[in-house]
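# Chain and residue survey
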Amino acid sequence: MSFEWYDEFVDLDHEPDKDDLVCIFRIEPDGISLEEAAGRVASESSVGTWTTLSTLPERIDSLKARVFEIQENTAKISYPLELFEEGNIPQLLSSIAGNVFGMKALKKLRLEDVIIPEKYARRFPGPAYGIEGVRKFMGIKKRPLTATVPKPKVGFNADEYAKIAEESLRGGIDLLKDDENLTSQSFIRFEKRLEKVMKVIERVEHETGEHKSYMVNITAETEEMKRRMEAVADYGNKYVMVDIITSGWSSLQTIRNMAGDLGLAIHAHRAMHGAFTKLPDHGISIKVITKLSRLAGVDNMHVGTGVGKMSGKTEEVTELAGICRDDMFGLKRVFPVSSGGLHPGLVPDIITLFGTDVIIQAGGGIHGHPSGSEAGARALRQAIDVALEGIPLEDGAKNYRELSLALKKWGTARPK
Ligand code: CAP
Ligand code: MG
């Protein structure tokens, strides 16, 4: 008599309950049928293990995940919501994206999507500000917001960094963003950099009459992140930046709770996601990461460009923008951040792709401008103004020296 019971987790007549959470998996079995492989995924990601068991509590049947649809290489699995602790993202992922990725019975597995029921979503705060709240505190009603990352990404000391910041903000950049691997290195300690940039922001806001904010990277051990948040709030700055994948979901949820108390917005950087999102036949779709980030409560989320240097085609980018901005049980909308190889020449493509509810981030595309960072910032703002008037960039550039120099260097090149 076989000791296996995976078939108990397959029921192709099963109708998921409206409160069930549903996962869509792409499965490549190793020497077994797709149905058996899907049963193993449902078992291992809910209540089962490799063998039948001698003691089973009454409620076990009501907790089993069930494969309810199989099509080609894809299986849909429904999970009773009682399987998941309310408001706990790490536990959700330990279930649906845990052991299943290591099973010998599968050659490859990809979690393509998670359909989240309202009952589960309701247990999360969502963004504190969202698009509307950020526009309000930045005083920018309609146009796309602009951001830049001083480049080289690491290497400046606090004074040098503040100088680049000043040039960029004076040139018209709204949001200064630290790079993903800039935190508090020996030559640019967090407190010193924060102090100097906040002094720059005070000066430039006064000069330009524009609101500016510093998306300062607080990524570190969680207690240290909390200390850094306090320091940021003490300056009256409105943003922090978190590398959400490398710092983890637990710390993101902690930071979000504290951000609510301190009135801070969260800029989510997704560095390292490519380690498991990039392959089309194994890993976890960036859609899942983006959905969970909105639940967790980030205000800005990188979604790619479709035309820049990072992978992610326009269809994916549009879908991710939808996950950020479309209705999700009344949660505030997340600002999609388009970043990675952008420069003024690509602004029309980005506005065509996203509309105006987008943050356009350009690092090299500002600091590589032939006349320096301030001119690069001016060129980016000029490109946005021209694109919003529906004028071809080349024509518009006739009135703007900085934009014409940017187009001379980069044209509409799409970096590899
Ligand atoms: C962009 C960037 C961002 C990437 C992240 C970088 O700089 O600062 O980290 O956009 O990728 O370090 O590459 P550039 P994604 O503007 O100079 O390209 O946005 O896809 O998460
Ligand atoms: Mg970066």
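Preceding this paragraph is the structure being described.
Presented here is a report on the structure given in the accompanying data block.

About the thresholds
- Residues numbered from 1 in each chain as written.
- Chains lettered and ligands numbered in written order.
- Predicted model: local features only at pLDDT ≥ 70, side-chain atom pairs only at ≥ 80, totals over all residues.
- Heavy atoms only, no water.
- Helix = DSSP H or I, 4+ residues; strand = E, 2+ residues; numbered from the N terminus.
- Rg over C-alpha atoms; globule rule 2.2 N^0.38 Å.
- Contact = heavy atoms within 4.5 Å.
- Areas by Shrake-Rupley, 256 points an atom, 1.4 Å probe, with all protein chains shown as cover.
- Lys, Arg positive; Asp, Glu negative; His and termini not counted.
- Charge placed at Lys NZ, Arg CZ, Asp CG, Glu CD.
- Buried < 20%, exposed > 50% of the residue type's maximum accessible area, 1.4 Å probe, protein only.
- Pairing = 2+ DSSP bridges.
- Axes fitted to C-alpha atoms, helices over the stretch in contact; angles between N-to-C directions.
- Donors = N, O, S within 2.8 Å, 3.2 Å for Na, K, Ca; no water.
- Near = heavy atom within 4 Å.
- Polar contact = N/O pair within 3.5 Å; in protein donor to acceptor, adjacent residues only side chain to side chain.
- Nonpolar A, V, L, I, M, F, W, Y, C, P; charged D, E, K, R; others polar.
- Core = buried A, V, L, I, M, F, W, Y, C linked by side-chain atoms within 4.5 Å.
- Domains from an automatic or database assignment.
- Phe/Tyr/Trp six-rings, centres within 6.5 Å; stacked < 30°, edge-to-face > 60°.
- Salt bridge = Lys/Arg side-chain N within 4 Å of Asp/Glu carboxyl O.
- Parallel < 35°, antiparallel > 145°, perpendicular 65-115°, else oblique.
- Left-handed = near helix turned anticlockwise from the far one by under 90°.

## Some thoughts on the overall build of the protein
Looking only at helices and strands, the protein features 18 helices and 13 strands. The C-alpha atoms of the protein give a radius of gyration of 24 Å, which matches the 22 Å a tight globule of 416 residues would have. Structurally, the protein occupies a C-alpha span of about 80 × 45 × 40 Å along its principal axes. Counting only contacts in the protein whose residues sit at least 6 apart along the sequence, the fraction spanning at least 24 positions is 77%. For the protein, the exposed area adds up to about 17800 Å²; of that, 50% sits on carbon and sulfur atoms. Averaged over its 54 positive side-chain charges, the protein has a centre that lies 7 Å from the centre of its 61 negative ones.

## Some remarks on helix α12 (residues 286–296)
By the criterion of burial, α12 is predominantly enclosed, with 11 of the 11 residues buried. Looking at α12, one finds that the buried residues are I286, K287, V288, I289, T290, K291, L292, S293, R294, L295 and A296. At the C-terminal side of α12, G297 shows a positive phi close to 110 degrees.

## Focus on the sheet that holds strand β1 (residues 21–29)
Here 5 strands make up an open sheet; going across it, the order is β2-β3-β1-β4-β10 and the pairing mixed. The open sheet has two free edges, formed respectively by β2 (66–71) and β10 (283–284), since each of these has just one partner strand. Where β1 and strand β4 (residues 106–115) come together, 8 bridges link them in antiparallel fashion. Across the sheet, residue F25 finds its bridge partner in β4, namely L111. Seen against the sheet, helix α1 (residues 34–44) touches β1, β2, β3 (74–79) and β4 and runs at an angle of roughly 135 degrees to β1. This element, α12, spans β4 and β10 of the sheet and lies at about 40 degrees to β4.

## Considering the coordination of the magnesium ion (ligand 2)
Each protein donor to the magnesium ion (ligand 2) is listed here as D179 (OD) and E180 (OE); together their distances run 1.9 to 2.0 Å. Residues D179 and E180 agree in their burial class; the two are buried.

## Some remarks on the site of ligand 1
Every one of the 17 residues lining ligand 1 counts as a neighbour, but H269, H302, K309, S339 and G341 are closest to it. Here an oxygen atom of ligand 1 sits 2.8 Å away from a polar atom, N or O, in the main chain of G363. Protein contact buries 94% of the 480 Å² of open area that ligand 1 shows by itself. By residue class, the composition of the shell around ligand 1 is 3 nonpolar, 8 polar and 6 charged.

## Regarding the nonpolar core
In this structure, L21, I27, Y79 and I96 are the most contacted members of the largest nonpolar core, which totals 111 residues. Of the residues forming this core, the biggest block, 7 residues, is contributed by helix α7 (residues 190–208). Looking at this core, you find at least three residues from each of domain 1 (10–121) and domain 2 (130–410). If near-sequence neighbours (up to four positions away) are discounted, L21 is found in contact with I77, S78, Y79, L81, F84, L92, I96, V114, I115, P117 and Y120. Counting residues in hydrophobic clusters, the runner-up holds 16 residues, among them I140, L145, L175 and I359.

## Some thoughts on the sheet that holds strand β7 (residues 213–217)
Taking strand neighbours around the barrel as the criterion, the 8 strands line up as β5-β6-β7-β8-β9-β11-β12-β13 in a closed arrangement whose pairing is parallel. Sheet twist, expressed as the average angle between the axes of neighbouring strands with direction ignored, equals 25 degrees. Relative to strand β11 (residues 300–302), strand β9 (residues 265–269) runs parallel, the two sharing 2 bridges. Looking across to β11, one finds that H267 is bridged to N300.

## Overview of the packing of aromatic side chains
What the rule picks out here adds up to 6 aromatic pairs. With a centroid separation of 5.9 Å and an interplanar angle of 45 degrees, the aromatic rings of Y79 and F84 are classed as tilted. Pair check on accessibility: Y79 and F84 agree, each one buried. Judged by centre distance (5.0 Å) and plane angle (85 degrees), the ring pair of Y129 and F137 falls under edge-to-face.

## Some remarks on the side chain of R270
Relative to the elements of secondary structure, R270 occurs in the loop between β9 and α11 (274–277). Summary of buried charges: R270 has no salt-bridge partner, and the nearest side chain of opposite charge, E316, is 5.0 Å away. In this view, R270 contacts I245, I286, M301, H302, V303, G304 and L320; residues no more than four positions away in its chain are not counted.

## Remarks on the pairing of β4
In the sheet, β4 pairs with β10 via 2 bridges, with the strands oriented parallel. Considered in β10, the bridge of R110 is made with G283.

## As for the packing of helix α6 (residues 158–170) against helix α16 (residues 373–388)
Packing of α6 against α16 brings their axes to within 7 Å, and their N-to-C directions diverge by 30 degrees. Here α6 lies roughly parallel to α16, going by the angle between them. Here α6 and α16 pass one another in a crossing that is right-handed. Touching I164, E167, S168 and R170 of α6 are S373, E374, A377 and R378, all from α16. Classifying every residue of the contact of α6 with α16 gives 2 nonpolar, 2 polar and 4 charged.

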